[in-house]
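# Structural characterization, general
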Amino acid sequence: MPETTVVTTDDKAVRTITLNRPDVLNAFNTEMLKTLGRVLRDAEKDPAARCIVITGAGRGFSAGQDLADVGSRYDSAEPLELGAHLRANYNPMIAKLRNIEKPVIAAVNGVAAGAGLSLALACDLRISAESATFIEAFVSVGLVPDCGSTFTLPRLIGIARAMEMTFTGRKVKADEALRIGLVNQVVADDQLNGETRKVAEWLAALPTRAIGLTKRAINAAWNADLETQLDYEAMLQTTAGQTRDHREGVVAFLEKRQPNFTGR
Ligand code: LHQ
């Protein structure tokens, strides 16, 4: 079923979610946020979707919160309460992205600013077009980074660089983003779809449960001590060891053939 502000398409086991407000560089209005939350929940539940790609229509990935939506409220007696807006519309979506037990790739086709950058940072991998840019735009409108940026950004690029990017709100180009670890890969603009598809299809053909449990383990490791993490890995390995894909991987190795993983 096509959506207006968010379009989903399936190709084999890859579900692509396209932010679709190109006239405003895919800035988020509330309808778009609610739809994005819903399509993520659908993708999580659907066993046929084994890798998720998030990208933007037109020349932007996402310019973050639609400021026209916010600005129009300042004249009203009850202006938008930003914390409530975040809690209701952004935070569950970001948490879902971090916890969904499938690989999620951001195919960053153009500028990712403010909450649009936070969205890209919450994905598992980032593949960037050569012309894409990354802007912690919050400071330029007198706000603090939100949607998990203060959590994800320092973990990806280190505290000093994260402080600098968030304090200044300067534009980071794709080559610098690659150098500092903000993105995994940079490709020519006209190769973004093709290269993302290759990675997505590769990931979608791998043991999805093992990848999901790996994501759970790496998420947990951010706040754990070594002993706790060793024990958690042992627990997750018990689960992974009971999957069909584990059995298939071992049998295929012993039979000297390629494994046929089904995600179960
Ligand atoms: C936009 C936007 C936009 C509306 C471009 N809104 N129209 C905040 C509050 C509440 C709770 C949740 O959390 C947040 C978090 C945030 O996300 S705060 C940060 C919000 N985002 C920004 O401050 C970025 C604002 N945009 C820009 O600085 C520039 O547009 C960038 C650097 C992204 C791109 O610049 P250009 O490539 O030069 O494009 P442009 O500025 O000409 O934009 C194209 C159109 O998109 C333009 O409309 P127009 O009708 O003139 O063609 C812009 O008004 C519109 N647009 N961002 N966030």
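Here is a short report on the structure shown in this document. Model, not experiment: these values are computed from the prediction.

Take a negative patch on the surface next. A cluster of acidic residues, E130, D175, D189 and D190, forms a negative patch on the protein surface. For E130, the position within the fold is in the loop between β7 (125–129) and β8 (133–135). Of the residues examined, E130 reaches a relative accessible area of 56% and is grouped as exposed.

So, about the sheet that holds strand β2 (residues 14–19). Read from one edge of the open sheet, six strands run β1-β2-β3-β5-β7-β10, paired in mixed fashion. The strands lining the two open edges of the sheet, one partner per strand, are β1 (6–11) and β10 (185–187). For this sheet the average axis-to-axis angle between neighbouring strands, irrespective of direction, equals 20 degrees. Examined bridge by bridge, β7 and β10 share three bridges and lie parallel to one another. Looking at β10, one finds that A129 is bridged to V187.

With that settled, the discussion passes to the pairing of β7. The buried fraction of β7 amounts to four of the five residues, a majority that puts the element mostly inside the structure. Relative to β7, strand β5 (residues 104–108) runs parallel, the two sharing four bridges. Pairing of V108 across the sheet is with S128, part of β7.

The immediate surroundings of the ligand are formed by 22 residues, with A63, Q65, L67, A115 and D146 found nearest. Between the ligand and R59 there is a distance of 2.9 Å, counted from an oxygen atom to a side-chain nitrogen or oxygen. Interatomic distance of 2.9 Å between a backbone N/O atom of L67 and a nitrogen atom of the ligand. When the ligand sits alone it has 1000 Å² of accessible area, and the protein chains cover 64% of it. The residue makeup of the shell around the ligand, split by class, is 14 nonpolar, four polar and four charged.

So, on to the packing of aromatic side chains. Taken as a whole and judged by the stated rule, the model has two aromatic pairs. Between F28 and Y90, the ring centres sit 5.7 Å apart and the planes meet at 90 degrees, which makes this aromatic pair edge-to-face. Here the residue F28 occupies a position in the loop between β2 and α1 (30–45), and Y90 occupies one in helix α3 (residues 82–99), the gap between them amounting to 62 residues. The same class applies to F28 as to Y90, namely buried. The aromatic ring of F151 is capped on one face by R155, whose charged end is 3.7 Å from the ring centroid.

Scoring rules and cut-offs
Residues numbered from 1 in each chain as written. Predicted model: local features only at pLDDT ≥ 70, side-chain atom pairs only at ≥ 80, totals over all residues. Heavy atoms only, no water. Patch = residues over 30% accessible without salt bridge, like charges linked within 9 Å, V, L, I, M, F, W, Y side chains within 5 Å. Areas by Shrake-Rupley, 256 points an atom, 1.4 Å probe, with all protein chains shown as cover. Salt bridge = Lys/Arg side-chain N within 4 Å of Asp/Glu carboxyl O. Lys, Arg positive; Asp, Glu negative; His and termini not counted. Charge placed at Lys NZ, Arg CZ, Asp CG, Glu CD. Helix = DSSP H or I, 4+ residues; strand = E, 2+ residues; numbered from the N terminus. Buried < 20%, exposed > 50% of the residue type's maximum accessible area, 1.4 Å probe, protein only. Pairing = 2+ DSSP bridges. Axes fitted to C-alpha atoms, helices over the stretch in contact; angles between N-to-C directions. Near = heavy atom within 4 Å. Polar contact = N/O pair within 3.5 Å; in protein donor to acceptor, adjacent residues only side chain to side chain. Nonpolar A, V, L, I, M, F, W, Y, C, P; charged D, E, K, R; others polar. Phe/Tyr/Trp six-rings, centres within 6.5 Å; stacked < 30°, edge-to-face > 60°. Lys NZ or Arg CZ within 6 Å of the ring centre and 35° of its normal.

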